[in-house]
Amino acid sequence: MTVYPVPARHDFPADFRWGVSTSSFQIEGAGREDGKGESIWDRFCSEPGRIRDGSHALVACDHYHRYPQDLDLAKSLGVNAYRFSIAWPRILPKGRLGLGAVNEAGLAFYDRLVDAMLERGLDPWCTLYHWDLPQALQDEGGWTARSTVDAFLAYTDLVTRRLGDRVKHWITHNEPWCSSMMSYWEGVHAPGGRSLPDALQACHHILLSHGQAVPVIRRNVPGAEVGITLSLHPIIPASDSAADRAAVQRHDGLRNRWFLDPLFGRGYPADTLALLADAAPDVQPGDLDAIAAPTDFLGVNY
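Reference entry: report on the structure contained in this document.

Below, the discussion takes up the pattern of salt bridges. Per the counting criterion, the structure on display carries 21 salt bridges. For R43, the salt bridge goes to E38, with nearest N and O atoms at 2.8 Å. A salt bridge links R120 to E119, with the nearest nitrogen and oxygen atoms 3.9 Å apart. On the basis of relative accessibility, which here comes to 17%, the residue R120 falls in the buried class. Taking the relative accessible area as the measure of exposure, E119 reaches 63% and is therefore exposed. Through salt bridges with shared partners, a single ionic network connects E104, D111, D115, R162, D165 and R166.

Moving on, we get to the side chain of T160. Within the element layout of this structure, T160 appears in helix α7 (residues 147-163). Here N220 takes part through its side chain, which lies 3.0 Å from a polar atom of the side chain of T160. In this view, T160 contacts W170, I217, N220 and V221; residues no more than four positions away in its chain are not counted.

We now examine the layout of surface pockets. If a probe as big as a water molecule is rolled over the atoms, it shows which places are left empty. Here the largest pocket is characterised by a volume of approximately 270 Å³. Along the walls of the largest pocket sit 16 residues, with S21, R83, W125, I171 and T229 positioned nearest its centre. Taken together, the elements giving at least two residues each to the lining of the largest pocket come down to β1 (19-21), β2 (81-85) and β6 (297-301). Counting residues per element, the lining of the largest pocket draws most heavily on β6, at five residues. As a volume, the second largest pocket reaches approximately 170 Å³. Forming the walls of the second largest pocket are F25, G31, R32, K36, G37, E38, D42, C45, S46, H56, A57 and L58. With three residues, the single largest contributor to the lining of the second largest pocket is helix α2 (residues 40-46). In terms of residue class, the lining of the second largest pocket is built from four nonpolar, four polar and four charged.

Turning our eyes to something else, we now look at helix α9 (residues 196-220). Along its 25 residues, α9 runs 36 Å from first to last C-alpha, staying within 8% of the 36 Å computed at 1.5 Å per residue. For α9, the principal kink sits at A213 and spans about 30°; a proline, P215, occurs within the next four residues. Two or three places before D198, at the opening of α9, S195 has a side-chain oxygen 3.1 Å from that residue's backbone nitrogen.

Moving on: a nonpolar patch on the surface. Taken together, the side chains of F264, L298, V300 and Y302 define a hydrophobic patch exposed on the protein surface, amounting to about 470 Å² of accessible area. Mapped onto the secondary structure, F264 falls in the loop between α10 (242-263) and α11 (270-276). A relative accessible area of 48% means that F264 is categorised as partly exposed.

Parameters and conventions
Residues numbered from 1 in each chain as written. Predicted model: local features only at pLDDT ≥ 70, side-chain atom pairs only at ≥ 80, totals over all residues. Heavy atoms only, no water. Salt bridge = Lys/Arg side-chain N within 4 Å of Asp/Glu carboxyl O. Buried < 20%, exposed > 50% of the residue type's maximum accessible area, 1.4 Å probe, protein only. Helix = DSSP H or I, 4+ residues; strand = E, 2+ residues; numbered from the N terminus. Polar contact = N/O pair within 3.5 Å; in protein donor to acceptor, adjacent residues only side chain to side chain. Contact = heavy atoms within 4.5 Å. 1 Å grid on protein atoms, 1.4 Å probe; cavity = no way out; pocket = protein on both sides within 12 Å on 5 of 7 lines; lining within 4 Å. Points joined across faces, edges and corners; volume = space filled by probe spheres on them. Nonpolar A, V, L, I, M, F, W, Y, C, P; charged D, E, K, R; others polar. Expected span 1.5 Å × (residues − 1). Bend = angle between axes of the 7 residues up to and from the residue. Patch = residues over 30% accessible without salt bridge, like charges linked within 9 Å, V, L, I, M, F, W, Y side chains within 5 Å. Areas by Shrake-Rupley, 256 points an atom, 1.4 Å probe, with all protein chains shown as cover.

Have a look at this one:
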């Protein structure tokens, strides 16, 4: 048996990033404070039978009020990067420009948060969308509606113009599998849908909004590094049988390649499209080129 030494911190390059990660809905709380609008997760948690123990995130970790202590804890771990996400309904309570005023209190909170990171030597990595869609947009169809792409671009423009002088690393979406398939097909994430065609259309619009947001971020943030974060899974056949190998091909097609292939210029995988048949999404001319916008990194949640 070969025993390998456990690497120490000094074994890593001096510029290696050690980080921690959070998301807005899961930690911020202040769910009804300072003008924040309702998100699909606020609604989902309030619907009977959705959450087994009746949990909600109106308080959560109270990060909205305790962020200085939270960032002190992060600094005490010795990390030098902090990934966080913006609560879209805290910035635009009605989801889009034109349906209501921009919530200055929400923008001011993220100003304070980013400044506090920088004061502690924590490099901010900002995720624009970590699943908390404004409920007002869900009432219009959510990610199944192409109009949500336009709303996301306006939101992205607003946030990057406000924070781009200090935040140089941007993640458009966190885990689009979760915000499409688990949300519109499996029904276990907000808004709790149960339609495969809806999930695939939502997924396409999420990927499209990513691709169209990339040039917006680059325009507003000189020198920005931009990417997207996927949840990817290695898939291994239970045996060497033809049936098990075919099952791996099918699952990998929808779980991994459905996202990786269009993001890197190959379009949706042909074998998966053939299996989906009439459930496949509506793809308009130019969409696939937009989705394949060049990025600087790929985040992998495993």
